[in-house]
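Descriptive structure summary
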Amino acid sequence: MNMSILQRSVVITAMSILYAQRLPAPIVEPADQPTPAPQTETPSAPERPAKSKHKTEPAAKAETKPAAKSQQGFGGTWTGKINQGLLGDIVLTLTVDASGSQVVEHTALGTFAHPATLNGRTLTWHGGLLNEITWTLTPNENGARITSLSPLGINSQATFTRGGKPAVAQVPQNKTPTAQRDPSRPGFVINPFNPNDSRRLDVRGKASGTKLKDPTSGREFIVP
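Please read these numbers as outputs of a predicted model, since none were measured by experiment.

As for the nonpolar core
One finds Ile 82, Leu 94, Leu 137, Ile 146 and Phe 160 to be the most contacted residues of the largest nonpolar core, which totals 19 residues. Residue assignment for this core shows that the elements contributing at least two residues are β1 (76-83), β2 (89-96), β5 (122-127), β6 (133-140), β7 (143-149) and β8 (155-162). It is β2 that provides the largest number of residues to this core, a total of 4 residues. Once residues lying within four places of it in the same chain are set aside, the contact partners of Ile 82 are Gly 88, Asp 89, Ile 90, Leu 92, Trp 135, Ile 146, Ser 148, Ser 156, Gln 157, Ala 158 and Phe 160. Formed by 8 residues, the second largest nonpolar core is a distinct cluster that contains Val 189, Leu 201, Leu 212 and Phe 221.

Side note on the packing of aromatic side chains
Taken as a whole and judged by the stated rule, the model has 1 aromatic pair. Geometrically, the ring pair formed by Trp 125 and Trp 135 is stacked, given 6.0 Å between the ring centres and 5° between the ring planes. With a gap of 10 residues between them, Trp 125 in strand β5 and Trp 135 in strand β6 connect regions that are remote in the sequence. Residue Trp 125 is classed as buried on the basis of its relative accessible area, which comes to 1%.

Quick look at the side chain of Ser 150
Relative to the elements of secondary structure, Ser 150 occurs in the loop between β7 and β8. Look at Ser 150 and you get buried, because its relative accessible area is 8%. Every residue in contact with Ser 150, bar those within four places of it in the chain, is listed here: Glu 132 and Ile 133.

Structural notes on the confidence of the model for the protein chain
Mean pLDDT for the protein chain: 75, with 63% of residues reaching 70 or above. The low-confidence segment residues 62-71, where pLDDT is below 50, has 0 contacts with residues more than four positions distant or belonging to other chains. Contacts for the low-pLDDT stretch residues 167-171, under 50 throughout, to residues beyond four places or in other chains number 14 contacts.

Thoughts on the pairing of strand β4 (residues 110-119)
Judged from the 6 bridges that link them, strand β3 (residues 102-107) and β4 form a sheet pairing that is antiparallel. Bridge pairing links Val 104 to Ala 113 in β4. Between β3 and β4, which pair antiparallel in sequence order, lie 2 residues. Both β4 and β5 contribute to a ladder of 4 bridges, which runs antiparallel. By the bridge assignment, Ala 116 is partnered in β5 with Trp 125. Connecting β4 to the next strand, β5, in antiparallel fashion are 2 residues, including Gly 120 with a positive phi near 70°.

Some remarks on the pairing of β7
Of all 7 residues in β7, 5 are buried; the element is thus mostly enclosed. Across 7 bridges, β6 lies against β7 in antiparallel orientation. Counterpart to Leu 137 in the pairing with β7 is Ile 146. Between β6 and β7, which follow one another and run antiparallel, lie 2 residues. By the bridge criterion, 6 bridges tie β7 to β8 in an arrangement that is antiparallel. Its bridge partner being in β8, Leu 149 is matched across the sheet by Asn 155. Remark: 5 residues form the turn of the hairpin made by β7 and β8, two consecutive strands paired antiparallel; Gly 153 in that turn has positive phi of roughly 105°.

Conventions we followed
- Residues numbered from 1 in each chain as written.
- Predicted model: local features only at pLDDT ≥ 70, side-chain atom pairs only at ≥ 80, totals over all residues.
- Heavy atoms only, no water.
- Core = buried A, V, L, I, M, F, W, Y, C linked by side-chain atoms within 4.5 Å.
- Buried < 20%, exposed > 50% of the residue type's maximum accessible area, 1.4 Å probe, protein only.
- Helix = DSSP H or I, 4+ residues; strand = E, 2+ residues; numbered from the N terminus.
- Contact = heavy atoms within 4.5 Å.
- Phe/Tyr/Trp six-rings, centres within 6.5 Å; stacked < 30°, edge-to-face > 60°.
- pLDDT = per-residue confidence, 0-100.
- Pairing = 2+ DSSP bridges.

Structure (structure tokens):
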């Protein structure tokens, strides 16, 4: 009797232990935790390139050369045909010295030297019996533009080309020509029988109207 009660107690105790092991573990609720604030990404500073220990030389600049200006000299001869009022169209050759300070007109009527003024790209001088004609010479791509203007009604222009043989005045054998003064050399005149000759005739101390002989041709001319 006592054994049965003891056996039952052992059995009940064993079953209680087995049952307790099969029960699920109690659920424990986690403590409330604050929601973490969203993290703001701080923009990282741009990385600076490492400085080189070697000094960087500035890039060499390309040498810029000024554009070459078109140089059309005035010196030399210019030949063409231009209207001169009552004289009609005349063939005219202009000889300009290298400095642009003198112009010599060669026509069939004679040779005449005039002082000239250079202003930019235009050469100006005065001609005619009373220096009443204003002449200009302006070089261009075709040669030179020549104009003549006077209060007597002459208003002409023409294109002259560089070069050509100066016209030589046709002086009758029985007429004594009057030489033209060289404005660049006081006391000297242009040889009326050979106006292309760069040598001038010395008339210093000779009165105007005096007849002298050209030492080359032996012909007489009148001092202006």
